[in-house]
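# Structure assessment
Okay, here's what each chain looks like letter by letter:
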Amino acid sequence: MKVSRNRLIRYSPLDRANHWSMALMFVLLALSGLAFFHPAFFFFSHTLGGPVWARILHPFLGVVLVLLFYAMAARHVRRNLFDRNDVQWMRQIDDVLNNRDEKLPKIGKYNPGQKLVYWALIASIALLLISGVIMWRPWFAGYFPIPLIRFASLLHAVAAFVAIVTIIVHVYAAIWVKGSIRSMTRGWVTRAWARHHHSLWAREQEEAQRREQP
Ligand code: HEM
């Protein structure tokens, strides 16, 4: 990748490949899941080759999403822990929404909104996995009592709702903060973008660069 003086690397090629495979899995899962949820969404089952294939493939794709998601999430866990600046940032949500970043406390690689998305996905994807395995016929459902399978089906719908709403917020925020999408397509951001939105992370990266190329 071409690295110029004006750019900072934000995501490796592996991170980006992982992220976009996960996004594709999520869309396929959400659409096929909606097809099972209500007849009004039945036509979405065709995204996986019709209702029979959708029913067979949905749980397997779910396992692929779980592996991809936790592989990526594990690499980012330290950066997503909340700190004292985050509380202040959330108190100043008015300044965030009005783009008055200069008034906000300094932020590391991720802002509190991104951290909330991260933890909401950690929780909802874990619940989707557990409830999904309990309902998965013909492999696992036979080991569980029927009332538990019914409860798992309710939990699966609630967790899917949380995950879908969270991803809608994630995509909206990625479009809203200009320059973000490029970090996940090309892997880099401009120094100005980093200093404006994630000044602590920018300083840390610039110091690391200076140490590498004195
Ligand atoms: C197609 C829709 C999607 C778009 C446009 C999108 C966009 C982005 C962008 C631009 C970033 C980088 C943000 C930054 O570094 O400041 C990012 C990070 C990330 N995305 Fe997505 N994304 C999408 C779908 C998903 C899905 C489906 C998931 C999970 C199921 C996901 C999970 C993540 C995670 C875990 C990060 C790393 C940030 C963190 O750890 O908080 N994304 N996404």
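These figures come from a predicted structure and were not determined experimentally.

Inspection of the entire model under this criterion finds 7 salt bridges. For Arg191, the salt bridge is made with Glu206, and the minimal N-O distance between the two is 3.2 Å. With Arg191 in helix H8 (residues 191-197) and Glu206 in helix H9 (residues 199-212), this residue pair connects regions lying 15 residues apart in the sequence. With relative accessibility at 11%, the residue Glu206 sits in the buried group. We note a salt bridge from Arg195 to Glu206, for which the minimum N-O separation is 2.9 Å. Of this pair, Arg195 sits in helix H8 while Glu206 sits in helix H9, placing them 11 residues apart in sequence. Assessed through its relative accessible area of 47%, Arg195 is described here as partly exposed. Overlapping salt bridges, with partners in common, bring together Asp94, Asp95 and Arg100 in one network.

The subject of this paragraph is the packing of aromatic side chains. In this description, an aromatic ring pair is defined by two values, namely the gap between the centres and the angle between the planes. Within this structure, the stated rule accounts for 6 aromatic pairs. For the pair Phe41 and Phe44, a centre-to-centre distance of 6.0 Å together with 10° between the ring planes defines the contact as stacked. Each ring, one from Phe60 and one from Trp136, has its centre 5.0 Å from the other, and the planes form 80°; the classification is edge-to-face. Here Phe60 is found in helix H2 (residues 51-76), whereas its partner Trp136 is found in the loop between helix H5 (112-135) and helix H6 (146-176), with 76 residues between them in sequence. Classification of Phe60 by relative accessible area gives partly exposed; the value is 41%. Put simply, the rings of Phe41, Phe43 and Phe44 touch in pairs and so form one group of aromatic residues. Between Lys109 and the ring centre of Tyr11, over which it is positioned, the NZ or CZ distance is 4.8 Å.

Along the chain, the position of Glu204 falls in helix H9. With a relative accessible area of 36%, Glu204 lands in the partly exposed category. The spatial distance from the C-alpha of Glu204 to the C-alpha of Gly108 is 8.8 Å, given a sequence separation of 96 residues. In terms of polar contacts, Glu204 uses its side chain to reach the side chain of Arg79, at 2.8 Å.

The next thing to look at is the site of the ligand. Among the 24 residues in the neighbourhood of the ligand, the closest are listed as Arg10, Tyr11, His19, Gln114 and His170. Here an oxygen atom of the ligand sits 2.8 Å away from a polar atom, N or O, in the side chain of Arg10. Listed by contribution, the elements that provide at least two residues to the shell around the ligand are helix H1 (13-37), H2, H5, H6 and helix H7 (180-185). When residues in the shell around the ligand are grouped by element, the largest group, 5 residues, is from H1. Per-class residue counts for the shell around the ligand are 16 nonpolar, 7 polar and 1 charged.

Two elements in contact, H1 and H6, have axes whose closest approach is 11 Å; the angle formed by their N-to-C orientations is 135°. On the basis of the axis angle, H1 is oblique to H6. In this structure, H1 meets H6 at a crossing whose hand is left-handed. Here H1 contributes His19, Phe26, Ala30 and Phe37 to the contact with H6, which in turn contributes Ala157, Ala163, Ile164, Ile167 and His170. Looking at side-chain class alone, the contact of H1 with H6 contains 7 nonpolar, 2 polar and no charged residues.

About the thresholds
All chains use their own residue numbering, which begins from 1 and follows the written sequence. This being a predicted model, a pLDDT of at least 70 is required before a residue's local features are given, and a value of 80 or more before pairs of side-chain atoms are given or counted; all residues contribute to the totals for chains, interfaces and linings. Side-chain numbers come from the whole structure's heavy atoms, not from hydrogens or water. Salt bridges are counted wherever a side-chain nitrogen of Lys or Arg sits within 4 Å of a carboxyl oxygen of Asp or Glu. Secondary structure elements are defined from DSSP: runs of H or I of at least 4 residues count as helices, runs of E of at least 2 residues count as strands, and each element is numbered from the N terminus. Remark: exposure states derive from per-residue accessible area (1.4 Å probe, protein chains only) relative to the maximum for the residue type, with buried under 20%, exposed over 50%, and partly exposed in between. Put simply, two rings from Phe, Tyr or Trp (the six-membered ring, in Trp's case) pair if the centres are within 6.5 Å, and we call them stacked under 30 degrees between planes, edge-to-face over 60, tilted for the rest. Whether a charge lies above a ring is judged from NZ of Lys or CZ of Arg, which has to be within 6 Å of the ring centre and within 35 degrees of the ring normal. Two N or O atoms form a polar contact when they lie within 3.5 Å of each other; inside protein one atom must be a possible hydrogen donor and the other a possible acceptor, and for residues adjacent in sequence the pair counts only when both atoms belong to side chains. Here, proximity means that at least one heavy atom of the residue falls within 4 Å of the molecule or strand. For this scheme, ten residues count as nonpolar: Ala, Val, Leu, Ile, Met, Phe, Trp, Tyr, Cys and Pro. Four count as charged, namely Asp, Glu, Lys and Arg, and the remainder, Gly too, count as polar. Lines fitted to C-alpha atoms define the axes, with helix axes restricted to the stretch in contact, and inter-axis angles between N-to-C directions lie between 0 and 180 degrees. Each angle gets one of four labels, with under 35 degrees taken as roughly parallel, over 145 as roughly antiparallel, 65 to 115 as roughly perpendicular, and the rest as oblique. In this scheme the crossing of two helices becomes right-handed for a clockwise turn of the near helix relative to the far one and left-handed for an anticlockwise turn of less than a right angle. The contact criterion used throughout is that any non-hydrogen atoms of two residues lie within 4.5 Å.

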